[in-house]
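Coordinate inspection notes
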Amino acid sequence: LYGIFMAFSFNTTKPEKYLDVAVLNCNVLAGFAHSALSLELEWPPIKWKKENGESTFMSRKELIENKIRISKNMLADLSDMTITADARDILTSSIALHHFVIKVYETDYMLLAKLYDEGASKEMIAALDTTIKNKHATMFELHYENLIRGGKLYATKHKIKIPWAG
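Below you will find a few notes about this structure. Here the structure is a predicted model, which is why all the values come from computation and not from measurement. (Residues numbered from 1 in each chain as written. Predicted model: local features only at pLDDT ≥ 70, side-chain atom pairs only at ≥ 80, totals over all residues. Heavy atoms only, no water.)

Here we come to the overall build of the protein. In terms of helices and strands, the protein carries six helices and two strands. When the helices and strands of the protein are listed from N to C terminus, the series reads α-α-α-β-β-α-α-α. For the C-alpha atoms alone, the extent of the protein along its principal axes is close to 60 × 40 × 35 Å. Looking at the 166 residues of the protein, the share that counts as buried comes to 36%. Contacts in the protein between residues at least 24 apart in sequence constitute 73% of all its contacts with a sequence separation of at least 6. (Helix = DSSP H or I, 4+ residues; strand = E, 2+ residues; numbered from the N terminus. Buried < 20%, exposed > 50% of the residue type's maximum accessible area, 1.4 Å probe, protein only. Contact = heavy atoms within 4.5 Å.)

A grouping of Leu-39, Trp-43, Ile-46 and Phe-57 is seen on the molecular surface, where their side chains present a nonpolar patch of about 490 Å² in accessible area. Note on placement: Phe-57 falls in strand β2 (residues 55-57). We classify Phe-57 as partly exposed; its relative accessible area is 48%. (Patch = residues over 30% accessible without salt bridge, like charges linked within 9 Å, V, L, I, M, F, W, Y side chains within 5 Å. Areas by Shrake-Rupley, 256 points an atom, 1.4 Å probe, with all protein chains shown as cover. Salt bridge = Lys/Arg side-chain N within 4 Å of Asp/Glu carboxyl O.)

As a further point, take unusual backbone geometry. One non-glycine residue with positive phi stands out, namely Ala-33, at about 60°. Positionally, Ala-33 belongs in the loop between α2 (15-22) and α3 (35-42). Ala-33 gets classed as buried once you look at its relative accessible area, which sits at 1%. One non-glycine residue, Lys-159, lies in positive phi territory at about 55°. Position of Lys-159 relative to the elements: it lies in the segment after α6 (122-157).

Between its first and last C-alpha, α6 extends 49 Å over 36 residues, near the 52 Å set by a 1.5 Å rise per residue. Bending of α6 peaks at approximately 40° at the position of His-136. (Expected span 1.5 Å × (residues − 1). Bend = angle between axes of the 7 residues up to and from the residue.)

The subject of this paragraph is the side chain of Ser-71. Counting through the fold element by element, Ser-71 comes out in helix α4 (residues 60-80). A distance of 2.9 Å separates the side chain of Ser-71 from the backbone oxygen of Lys-67, its partner in a polar contact. (Polar contact = N/O pair within 3.5 Å; in protein donor to acceptor, adjacent residues only side chain to side chain.)

Here we come to the packing of aromatic side chains. Scanning the entire structure with this criterion turns up six aromatic pairs. Measuring from centroid to centroid gives 5.4 Å for Phe-140 and Tyr-144, while their planes differ by 25°, and the two rings are stacked. Placement of the pair is Phe-140 and Tyr-144 together in helix α6, with a separation of four residues, close to one helical turn. Both residues of the pair, Phe-140 and Tyr-144, count as buried. Taken together, the aromatic side chains of Phe-32, Phe-100, Tyr-105, Tyr-109, Phe-140 and Tyr-144 make up a single cluster linked through ring pairs. (Phe/Tyr/Trp six-rings, centres within 6.5 Å; stacked < 30°, edge-to-face > 60°.)

Where helix α5 (residues 88-117) meets α6, the closest approach of the two axes is 10 Å, and the angle between their N-to-C directions is 165°. By the criterion of interaxial angle, the relationship of α5 to α6 is roughly antiparallel. Where α5 crosses over α6, the handedness of that crossing is left-handed. Its residues assigned to classes, the contact of α5 with α6 comprises 20 nonpolar, seven polar and four charged. (Axes fitted to C-alpha atoms, helices over the stretch in contact; angles between N-to-C directions. Parallel < 35°, antiparallel > 145°, perpendicular 65-115°, else oblique. Left-handed = near helix turned anticlockwise from the far one by under 90°. Nonpolar A, V, L, I, M, F, W, Y, C, P; charged D, E, K, R; others polar.)

In the contact formed by α2 and α5, the axes pass within 9 Å of each other and the chain directions differ by 20°. Between α2 and α5, the angle is such that the two are roughly parallel. The handedness of the crossing between α2 and α5 is left-handed. Facing Tyr-18, Leu-19, Val-21 and Ala-22 of α2, the residues of α5 in contact are Ile-90, Leu-91 and Ser-94.

Next up, the structure:
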């Protein structure tokens, strides 16, 4: 009991920090299981080769591995934050969202990346892409909208002005 009291008593994290880490950083997840991610997989970013200075397209596996790494780093940042009664909703919602996204990246999206990288037919790729969207888009939207709704309430409570889209 004393440890719990001490953890809450000495938490000096500002509300803005909680909002940044738990809610606003999740903007990088927008487009998950939707056409934006499909387009990114179809036309992956260009990367520079250090050894010869030439550019090449990033493999789809590298693209998804990068998204996994970013999501895991964000999850680690969330896990490092002290859960307070005030910030519990946005922290737990954000943690749940990240666990969901990481799982889908590591399974379904890695399989889709493999199809792309191994030159599978457009029909096979399109079929798996559609399956992923049908299987995961609704759950992602529920997690994401729940987090944004909680973030708006948290921001209002702490008089933090955020220009929310929509």
